[in-house]
Amino acid sequence: MTILHKSFVAAALVAAGAMAFSGPGLAQTETASEVTSVYKPSVGQSGKDVVWVPTSQALVDRMLDMAELTPRDHLVDLGSGDGRLVITAAKRGASARGIEFNPDLVALSRRTAQAEGVGNRARFDQGDIFKSDFSNATVVTLFLLPDLNLRLRPTLLNMKPGTRVVSNTFTMDDWEPDETAQVTQGCAGHCTAYKWVIPAKVQGTWRMGDKQLVLTQKYQMVEGTLREEGASTPISEGRIAGTKITFVAGDQRYTGEISGRTMQGTTEGGGRWNATLMKP
Ligand SMILES: C[S@@+](CC[C@H](N)C(=O)[O-])C[C@H]1O[C@@H](n2cnc3c(N)ncnc32)[C@H](O)[C@@H]1O
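Residues numbered from 1 in each chain as written. Predicted model: local features only at pLDDT ≥ 70, side-chain atom pairs only at ≥ 80, totals over all residues. Heavy atoms only, no water.

### Overview of unusual backbone geometry
Item 1. You will see that T169, though not glycine, has its phi angle at about 70°, which is positive.
Item 2. Tracing the backbone through its elements, the reader meets T169 in the loop between β5 (164–168) and β6 (179–182).
Item 3. Residue T169 is classed as partly exposed on the basis of its relative accessible area, which comes to 22%.
Item 4. Positive phi is not limited to glycine here, since E237 has a value of about 55°. (Helix = DSSP H or I, 4+ residues; strand = E, 2+ residues; numbered from the N terminus. Buried < 20%, exposed > 50% of the residue type's maximum accessible area, 1.4 Å probe, protein only.)

Here you go:
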């Protein structure tokens, strides 16, 4: 057992206390406690690439708040365990899907979703997250391990700009999170969540009126220059949040919306600008 796996298990002994879902929907054929009496997973039990440890319900709630989940969203939890993130998202009106390798956890999640009255919006698939297509998700949640996050990173970065990714505890190496949150109540271990918003791709040379905007991009950070005849102005504070871009060139702050090969927006003084990608 690796150190990470050990820390997972220790903290999870407390987290397991928060396993029962609360809320309406138990007037079904089976109660939540009847469901867990059929199959009761053990915290720290082995999984394909990482052991099962449940996210505390307090952090589940915080993660969905961070994702700004709405009923229009489709959430996918990668390695969905007993289904709590998916079921909580479904209770908030979103459609949600869990991908979980362990068939017993999948069966347990399906039964709990039925018992909680959200079987129509919460779906669970038995499968390997590294072999599954989840490109239609608008929110992705995960509680895995640093190396697994890194393996997923290229896939996540290719998702639709604006997709939110929220991870319990583990980061994405040098891809800095856009937001970090901690819960202090109702959580005894693994109480920090990180959020990233998938940035639109803007690297390249753009025509902006009679100027050229040359951008280099690393994740959500942007650097570059605004060039016009005889002058080259470095840009600063360049940042992308989903399909929105902001940067400063000279004494002007530019904000805009990216749509494929075009961008348009305003400057702080109220002027309008637009740009077309000439060379990626
Ligand atoms: C730490 S638990 C997190 C469970 C749940 N997401 C939560 O936050 O409560 C990780 C889960 O991933 C599952 N898992 C591990 N490797 C997997 C893989 N390659 N594909 C699908 N599920 C996997 C484990 O069985 C376990 O249920």
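### Some points on the sheet that holds strand β4 (residues 139–142)
For sheets, the rule is that strands pair by backbone hydrogen bonds, running either parallel or antiparallel.
Item 1. The mixed open sheet is built from seven strands, whose spatial order is β3-β2-β1-β4-β5-β7-β6. Each edge of the sheet is formed by a strand with only one pairing partner; in this case those strands are β3 (122–126) and β6. Looking at each pair of strands side by side, their axes are set apart by 20° on average, direction ignored.
Item 2. The sheet contact formed by β4 and β5 spans four bridges and is parallel. Bridging across to β5, V140 finds its partner in V165.
Item 3. Sitting on the sheet, helix α3 (residues 57–66) touches β1 (74–78), β4, β5, β6 and β7 (192–197), and the angle it makes with β7 is about 20°. (Pairing = 2+ DSSP bridges. Axes fitted to C-alpha atoms, helices over the stretch in contact; angles between N-to-C directions. Contact = heavy atoms within 4.5 Å.)

### Regarding the packing of aromatic side chains
Item 1. Counting across every chain of the model gives seven aromatic pairs.
Item 2. Ring centres of Y194 and W196 lie 6.3 Å apart, and the angle between their planes is 40°; on these two criteria the pair is classed as tilted.
Item 3. On the basis of an interplanar angle of 75° and a centroid distance of 5.9 Å, the ring pair of Y254 and W273 is categorised as edge-to-face. Remark: W273 occurs in strand β15 (residues 272–279) and Y254 occurs in strand β13 (residues 252–259); sequence separation between them is 19 residues. Each of the two residues, Y254 as well as W273, counts as buried.
Item 4. Of the aromatic side chains, those joined through ring pairs into one cluster are W175, Y194, W196 and Y219.
Item 5. The ring of F101 is capped by K48, whose NZ or CZ atom sits 5.6 Å from the centre of that ring.
Item 6. Stacked on the ring of F130, the Lys or Arg R151 has its end atom at 3.7 Å from the ring centre. (Phe/Tyr/Trp six-rings, centres within 6.5 Å; stacked < 30°, edge-to-face > 60°. Lys NZ or Arg CZ within 6 Å of the ring centre and 35° of its normal.)

### Concerning helix α5 (residues 103–115)
Item 1. Across its 13 residues, α5 extends 18 Å between first and last C-alpha, which sits within 8% of the 18 Å expected from 1.5 Å per residue.
Item 2. Every buried residue belonging to α5 is among L105, V106, L108, S109, T112, A113 and A115, and all of these are buried. (Expected span 1.5 Å × (residues − 1).)

### With respect to the side chain of Q45
Item 1. Tracing the sequence through the fold places Q45 in the loop between α2 (32–38) and α3.
Item 2. A polar side-chain atom of Q45 sits 2.9 Å from the main-chain amide nitrogen of S42.
Item 3. Ignoring anything within four residues of it in the chain, the contact list for Q45 reads Y39, V51, W52, N102 and L105. (Polar contact = N/O pair within 3.5 Å; in protein donor to acceptor, adjacent residues only side chain to side chain.)

### Side note on the site of the ligand
Item 1. Neighbouring the ligand are 23 residues, the closest being D49, T55, D77, G79 and E100.
Item 2. Within the side chain of D77, a nitrogen or oxygen atom sits 2.8 Å from a nitrogen atom of the ligand.
Item 3. The side chain of D128 places a nitrogen or oxygen atom 3.0 Å from a nitrogen atom of the ligand.
Item 4. If the ligand stood free it would expose 600 Å²; the protein chains cover 100% of that surface.
Item 5. When atom positions are compared with the pocket grids, the ligand is found to occupy the largest cavity.
Item 6. Taken together, the residues of the shell around the ligand break down into eleven nonpolar, six polar and six charged. (Near = heavy atom within 4 Å. Areas by Shrake-Rupley, 256 points an atom, 1.4 Å probe, with all protein chains shown as cover. 1 Å grid on protein atoms, 1.4 Å probe; cavity = no way out; pocket = protein on both sides within 12 Å on 5 of 7 lines; lining within 4 Å. Sits in = over half its atoms within 2 Å of the grid points. Nonpolar A, V, L, I, M, F, W, Y, C, P; charged D, E, K, R; others polar.)

### Regarding the nonpolar core
One broad rule of soluble globular proteins: the nonpolar side chains tend to lie buried together.
Item 1. Formed by 31 residues in total, the largest nonpolar core has its most connected members in L78, F134, V140, L156 and V165.
Item 2. Where this core is concerned, the elements lending two or more residues are β1, α5, β4, α6 (146–157) and β7.
Item 3. Of all the elements, α6 adds the most residues to this core, at four residues.
Item 4. Excluding its chain neighbours within four sequence positions, the residues that come into contact with L156 are F134, V140, V165, M172 and I198.
Item 5. Core analysis: the second largest hydrophobic core is formed by 27 residues, L64, A89, A94 and V106 among them. (Core = buried A, V, L, I, M, F, W, Y, C linked by side-chain atoms within 4.5 Å.)

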